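Understanding the architecture of this molecule
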Amino acid sequence: MIKTAITVSLVKEAEGGPFVYWHDLPGACAKAAELGFDAVEIFAPHPDAVDDDELKALLETHDLKVAAVGTGGGWVIHKLTLTNADPEIRQKAREFIRAIIDWGAEFNAPAIIGSMQGRFEGDVSKEQALAWLAEALEDLGAHAAAKDTQLFYEPLNRYETNLINRTEDGVWLLEGLTTDNVKLLSDVFHMNIEEANIADAFRTGGKHVGHVHFVDSNRRATGMGHMNHTPIAEALREIGYDGYVSAEAFPIPSSDEAAESTIAVCKRLFTS
Ligand code: LER
Ligand code: MN
């Protein structure tokens, strides 16, 4: 069954970004549960930012799961990427992600590699950057497997990376790995820019799709833009997707209204 999640950012440096709830994890969990979400997706500045016992208690009180944990803090705070020309920065990027994987694993929550993939530029060729990215996914994917969790890799639109923008290319990247523990994070905001047909791209992603960022055309909550989510939901059902649809959306006009609009659309699309 497809499950619902809502994003919570605890990263000061990411303010203005597409996250529904901000800074107040207890408040976000209470509201998520009240509205009927199954999980929260947490974007933390570092692996020790959240008190694990407190989070465990919050999840228990509200009967919530953690759908995934973001690693973007490594980029927005420390400017680390897996494809930087400097080997020390690439190494630190891996260490940052490894620590987030370990933290997420305590909550059965896979880590997300989105902005930490970086881009090719300067003396680094596209081939070189993709080779570094694949090597890192191989290593971190195996690390996640050892922790009994998965790793999510997210293709981004052309304005955020020049490495992998489309589902088809994401599938190519993942199929080149020996580990099958890295899954695609398909964000319909990026797909709306890059794909000819979002629903068909999900069919291309097929069994590789492990997580979905579910949002509208303008990156507001579902129901607040002009994206047609009905064929997308049909494609997700067709490929047997049983992960989360997670609202990574701007808190416009407010966090609660974005959450309410998301859950209304999800209830219409995913409860049969
Ligand atoms: C960035 O645009 C994005 O979609 C995030 O999920 C990346 O970490
Ligand atoms: Mn995303």
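One structure accompanies this document, and this report is about it. Counting from 1, residues in each chain are numbered in the order their sequence is written. In the order they appear in the text, chains get letters beginning with A and ligands get numbers beginning with 1. Only residues with pLDDT of at least 70 get local features here, since the model is predicted, and only at 80 or more are side-chain atom pairs given and counted; chain-wide, interface and lining totals rely on the full set of residues. Hydrogens and water molecules were not included; the side-chain quantities draw on all heavy atoms of the structure.

Overview of the overall build of the protein
The test is simple: Elements are defined by DSSP. Helices are runs of H or I of four residues or more, strands are runs of E of two residues or more, and each kind is numbered from the N terminus. Throughout, radius of gyration means the C-alpha value; the globule benchmark is 2.2 Å times the number of residues raised to the power 0.38. Residue burial is assigned from relative accessible area. The probe radius is 1.4 Å, only protein chains are included, and a residue is buried under 20% of its type maximum, exposed over 50%, and partly exposed in between. By definition, residues are in contact when any of their heavy atoms lie within 4.5 Å. Surface accessibility in these figures is a Shrake-Rupley result with a 1.4 Å probe; residues are shielded only by whichever protein chains are displayed. All tallies of charge rest on Lys and Arg as positive and Asp and Glu as negative; His and the ends of each chain are not included. To locate a charge, take atom NZ for lysine, CZ for arginine, CG for aspartate or CD for glutamate.
Along the backbone of the protein there are 10 helices and 9 strands. Radius of gyration (C-alpha) of the protein: 17 Å, near the 19 Å computed for a compact globule of 272 residues. In terms of its C-alpha atoms, the protein occupies a principal-axis envelope of roughly 50 × 40 × 30 Å. Every one of the 272 residues in the protein was classed for burial, and the buried ones make up 58%. Residue pairs in contact within the protein that sit at least 24 positions apart in sequence constitute 78% of those at least 6 positions apart. Entry remark: accessible area of the protein is about 11,500 Å², with carbon and sulfur atoms responsible for 48%. Of the side chains in the protein, 23 bear a positive and 43 a negative charge, and the two mean positions are spaced by 3 Å.

Let's talk about the packing of aromatic side chains
Put simply, the rule is: Classification of ring pairs uses Phe, Tyr and Trp, with its six-membered ring standing for Trp, and accepts pairs whose centres are within 6.5 Å; under 30 degrees between planes counts as stacked, over 60 as edge-to-face, and the remaining range as tilted. By the criterion adopted, a ring carries a charge over it if an Arg CZ or a Lys NZ lies within 6 Å of its centre and within 35 degrees of its normal.
Under the definition given, this model contains 4 aromatic pairs. Aromatic side chains phenylalanine 19 and tryptophan 22 sit 5.7 Å apart centroid to centroid with 80 degrees between the ring planes, which places their arrangement in the edge-to-face category. For the pair phenylalanine 19 and tryptophan 22, one class covers both residues: buried. Among the aromatic residues, those joined into a ring-pair cluster are Phe19, Trp22 and Phe43. Across the ring face of tryptophan 132, the terminal group of arginine 90 is positioned such that the distance to the ring centre comes to 3.5 Å.

A few points about the site of ligand 1
Convention followed: Throughout this document, a residue counts as near a molecule or strand when at least one of its heavy atoms sits within 4 Å of that molecule or strand. Counted as a polar contact is a pair of N or O atoms within 3.5 Å, where, for protein atoms, one must be capable of donating a hydrogen and the other of accepting one, and residues adjacent in sequence contribute only when both atoms are in side chains. Detection works on a 1 Å grid of protein atoms alone, calling trapped sets that fit a 1.4 Å probe cavities and calling open sets with protein on both sides within 12 Å along at least five of seven lines pockets, with lining residues defined by an atom within 4 Å of a point. A molecule is said to be in a cavity or pocket once over half of its atoms fall within 2 Å of that pocket's grid points. Each residue receives one of three labels: charged for Asp, Glu, Lys and Arg, nonpolar for Ala, Val, Leu, Ile, Met, Phe, Trp, Tyr, Cys and Pro, and polar for the others, Gly being one of them.
Residues in contact with ligand 1, as listed here, are Gly114, Ser115, Glu154, Glu160, Asp187, His190, His213, Arg219 and Glu248. Separating an oxygen atom of ligand 1 from a side-chain N or O atom of histidine 190 is a distance of 2.8 Å. At a separation of 2.8 Å, an oxygen atom of ligand 1 approaches a polar side-chain atom of arginine 219. One can see that ligand 1 is located within the largest pocket. Taken together, the residues of the shell around ligand 1 sort by class into no nonpolar, 4 polar and 5 charged.

Regarding the layout of surface pockets
Applicable threshold: Grid points are joined across faces, edges and corners, and a volume is the space filled by probe spheres set on the points.
In this structure, the largest pocket spans a volume of roughly 640 Å³. What lines the largest pocket is a set of 37 residues, and nearest its centre among them are Trp75, Gly114, Ser115, Leu156 and Glu160. Elements that contribute at least two residues to the lining of the largest pocket include exactly strand 3 (39-43), helix 3 (73-76) and strand 5 (111-113). Partitioned by chemical class, the residues of the lining of the largest pocket number 13 nonpolar, 15 polar and 9 charged. Computed from the structure, the second largest pocket encloses a volume of approximately 460 Å³. Lining of the second largest pocket is provided by 24 residues; of these, Lys3, Ala67, Asn108, Pro110 and Tyr244 occupy positions nearest its centre. In terms of residue class, the lining of the second largest pocket is made up of 11 nonpolar, 7 polar and 6 charged.

Topic: the pairing of strand 7 (residues 182-187)
To keep it simple, the criterion reads: Strand pairing is defined by DSSP finding a minimum of two bridges between the two strands. Throughout, right-handed denotes a crossover for which the path from the first strand over the helix to the second runs clockwise when the strands point away from the viewer.
The buried fraction of strand 7 amounts to 6 of the 6 residues, a majority that puts the element mostly inside the structure. Where strand 6 (residues 151-153) lies against strand 7, 3 bridges are found, and the strand directions are parallel. By the bridge assignment, leucine 151 is partnered in strand 7 with valine 182. The parallel pair strand 6 and strand 7 is bridged by helix 6 (residues 167-175), and the resulting crossover is right-handed. The pairing of strand 7 with strand 8 (residues 209-213) spans 4 bridges and is classified as parallel. Residue pairing in the sheet places serine 186 in a bridge with valine 212 of strand 8.

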